[in-house]
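# Topology and contacts: notes
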Amino acid sequence: MSIESVLHERRVFAPGKDFSSQAAVGSMEEYQRLHTEALQDYEGFWARLARELLIWHKPFTKTLNQDNAPFYKWFEDGELNVSANCLDKHLQTIPNKTAIIFEADNGDVKNVTYKALYHQVCQFANGLKSLNLVKGDRVIIYLPMGIEAIVAMQACARLGIIHSVVFGGFSAKSLNERIIDAGAVAVITSDGQHRGGKTLPLKQAVDDGIAMGGCDSIRNIVVFKKTGQEITWNDKCIWWHDLIAGKADECAPVMVEAEHPLFLLYTSGSTGKPKGVQHSSAGYLLHAMNTMRWTFDIKPDDIYWCTADVGWITGHSYVTYGPLAIGATQIVFEGIPTFPNAGRFWEMIQRHKVSIFYTAPTAIRSLIKAGETDFTTHPNHFDLSSLRLLGTVGEPINPEAWMWYEQVGGSRCPIVDTFWQTETGGHVITPLPGATKLVPGSCTLPFPGIDIDVVDETGKEIPWGTGGLLVIKKPWPSMIRTIYNDPERFIASYYPAELGGNIYLAGDGAVRDATTGNFTIMGRIDDVLNVSGHRLGTMEIESALGANHLVAESAVVGRPHPIKGESVVAYVVLKGKRPEGEEAKKIVTELREWVGKEIGPIAKPDEIRFGDNLPKTRSGKIMRRLLRSLAKGEEISSDISTLDNPAILDQLKQAVS
Ligand code: PRX
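Everything quoted here is computed from the prediction, not taken from an experiment.

Reading guide: rules and limits
- Residues numbered from 1 in each chain as written.
- Predicted model: local features only at pLDDT ≥ 70, side-chain atom pairs only at ≥ 80, totals over all residues.
- Heavy atoms only, no water.
- Near = heavy atom within 4 Å.
- Polar contact = N/O pair within 3.5 Å; in protein donor to acceptor, adjacent residues only side chain to side chain.
- Areas by Shrake-Rupley, 256 points an atom, 1.4 Å probe, with all protein chains shown as cover.
- Helix = DSSP H or I, 4+ residues; strand = E, 2+ residues; numbered from the N terminus.
- Pairing = 2+ DSSP bridges.
- Axes fitted to C-alpha atoms, helices over the stretch in contact; angles between N-to-C directions.
- Contact = heavy atoms within 4.5 Å.
- Buried < 20%, exposed > 50% of the residue type's maximum accessible area, 1.4 Å probe, protein only.
- UniProt positions renumbered as here; feature names shortened; annotations may be inferred.
- Parallel < 35°, antiparallel > 145°, perpendicular 65-115°, else oblique.
- Nonpolar A, V, L, I, M, F, W, Y, C, P; charged D, E, K, R; others polar.

This part takes up the site of the ligand. If you check the shell around the ligand, you find 17 residues, and the closest are D417, T418, T422, D508 and R535. In the model, a nitrogen atom of the ligand is placed 3.4 Å from a nitrogen or oxygen of the E395 main chain. In the model, a nitrogen atom of the ligand is placed 2.8 Å from a nitrogen or oxygen of the D417 side chain. For the ligand, whose unbound accessible area comes to 540 Å², protein coverage reaches 95%. Listed by contribution, the elements that provide at least two residues to the shell around the ligand are α11 (313-326), β20 (415-418) and β25 (519-524).

Listed below in structure tokens is the structure:
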């Protein structure tokens, strides 16, 4: 395999003196010192941090157990509680500090102090206890972005209950699959949600998902009254407010082993079925917290805002756990960046005096576009002088968008382009803003202690400047522990034998700059798409399409998209005749809606093309490379001699307009 880097970025932005002088890691020498510390005594490095940052009920004596690699165990004989590490520890020091500034879709603002949040979490935990939920139970959380979602997650953590948050944009079918895979005993949801000025249902999807069958494990459905809309009710349902009525607002945290699973989070892989990524308690929290210090350089007075929904890993690590564990004040936003207009983010930064802002490149690109057409939504129109640090996550940021974002920060704010994954738990390649020289489009250097590199297909190191596979060569505390219910898939996906079986395969292509060693991510090497920073498996969309009664076969590929990063293009062979004209349009609409129902609106194909067949090799393998080229409108000049049915390419050139 050869991956060519297309990026020849030469602009370099050194950290400003003002920033460096106050930063947690304030120079490259300091970065090197941490790096060397980890190199010389890897376990000692992490053990030191785990002792400094976490509060242990029972201190650990063993740092890393590799006996059953790659099922690594960190700090295994230690005991702690994650929620106590996020809330209880602040009661003495910062009880009246604002933990959350919640801004609703309609602009209403509500502040919650650490003490108040602690009591809310305790009270809700007591409610969960009264439902006989206990340590180790799995609970699905299907809530809109808001205080309750954080309270629900923290309350689970308090009791050692393993939560699995499902993003509110996922369908009833997705919920059904996750309930079954996790063997969940309860769902926490709300009647509906507010988004972009609209009131949308939520509980309905839970009802529909359960009605699809196989969900007998569910004993309770806790419903938060958010919108007041009408919902259906059965004897498993209980209102959130009834559950907590009369419950004490103190609840002793249940101490758990360091390795006790904190949560499962389902994410797309290269087969049809999403993977239940399982994270630990101690190692996970340690990295979430430490990256708040070193990557975000968080200080007591910062107003921090990560725009991710708690339905994604970014919302777990950098909304629910990291910021609370470090004692930050953070904005939690219910709405969307374009409502009431595309100036919403900037207006909120101005009004709340946000100092650290963390968002996705796709959001930035859409706001660039909006700001060009309506100047009143352009960042220049707002006072953004409170900003001191900017961050991005979820997909590569193109240098143009990076430069625009740099202007948002008045050329004063470092930008941390943080590379990581659901599986890594927290940042693994990122600038440290007081130390690292920034290069637009590069996530720069490994986080101290993360032994990340680029290798060839046999796991051999390759010279800088050559593209290859991104791998992590040593285990790290916040790494995925397994795929829930599927340890074999865990090994096959992340520790494949071809690489020697002992290094973690990230699934991305990457290249290191020949002189600086800076990393540039070149995108997924597997059948995973990144649409608006959301991970979608092509097979997952194909199996959704395949479940439609009209579809005989399909192949899904990604196509570069100026705002979304990638968009979904589906090639479909119907059981009946290849449709044309109005009929084709009708079926496109039907199939898009179908995928929306099967997975969620984010997975709807942007474009569907019909063929009598798909381009296949003589051995029957779909030639996706050709389909990707066709989607981009490229002429197929490459070798198609292995293609069984070359004539099909002409048919597939045309999209249904
Ligand atoms: O392809 C990489 C891309 O997002 C994938 C991980 O997706 P997910 O597990 O949903 O987590 C997203 C939030 C952490 C990666 O395999 N990705 C994430 N961050 C970056 C990125 N690609 C380039 N640059 C990044 N900063």
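The next point concerns the sheet that holds strand β29 (residues 565-574). Taken in spatial order, the three strands line up as β28-β29-β30 in an open sheet, and their pairing is mixed. At either end of the open sheet lies a strand with only one pairing partner, and these are β28 (551-561) and β30 (607-610). Between one strand axis and the next, the sheet turns by 25 degrees as a mean value, whatever way the strands run. Judged from the 10 bridges that link them, β28 and β29 form a sheet pairing that is antiparallel. Directly across from S554, in β29, lies its bridge partner V572. Running over the sheet, helix α17 (residues 581-598) touches β28, β29 and β30 and is turned about 130 degrees from β30.

Now for the pairing of strand β4 (residues 98-103). The buried count for β4 comes to five of six residues, which makes it a mostly enclosed element. Both β4 and strand β5 (residues 109-113) contribute to a ladder of five bridges, which runs antiparallel. Bridge pairing links I100 to V112 in β5.

With that out of the way, let us pick up the side chain of H427. One can find H427 in the loop between β20 and β21 (452-455). Polar contacts involving the side chain of H427 include one to the side chain of Y358, which spans 3.1 Å.

Per the UniProt record, "binding site: ATP" (unreviewed entry) is annotated on G394, E395, P396, D417, T418, F419, W420, Q421, T422, D508, R524 and R535. Counting through the fold element by element, E395 comes out in the loop between β19 (389-393) and α14 (399-408). Of the residues examined, E395 reaches a relative accessible area of 9% and is grouped as buried. Those residues in contact with E395, other than ones at most four positions away along the chain, are P361, T362, R365, N530, S532, G533, K564 and G565. At 3.0 Å, the side chain of E395 forms a polar contact with the backbone nitrogen of T362. Once residues lying within four places of it in the same chain are set aside, the contact partners of T422 are L265, T267, V277, H279, I313 and R535.

Moving on to the packing of helix α3 (residues 42-53) against helix α10 (residues 282-294). Here α3 crosses α10 at 85 degrees, and the two axes come no closer than 10 Å. Classified by the interaxial angle, the pair formed by α3 and α10 is roughly perpendicular. Listed contacts from α10 to F45, W46, L49, A50, E52 and L53 of α3 are L286, H287, M289, N290, R293 and W294. Here the contact of α3 with α10 is built from residues that sort into eight nonpolar, two polar and two charged.

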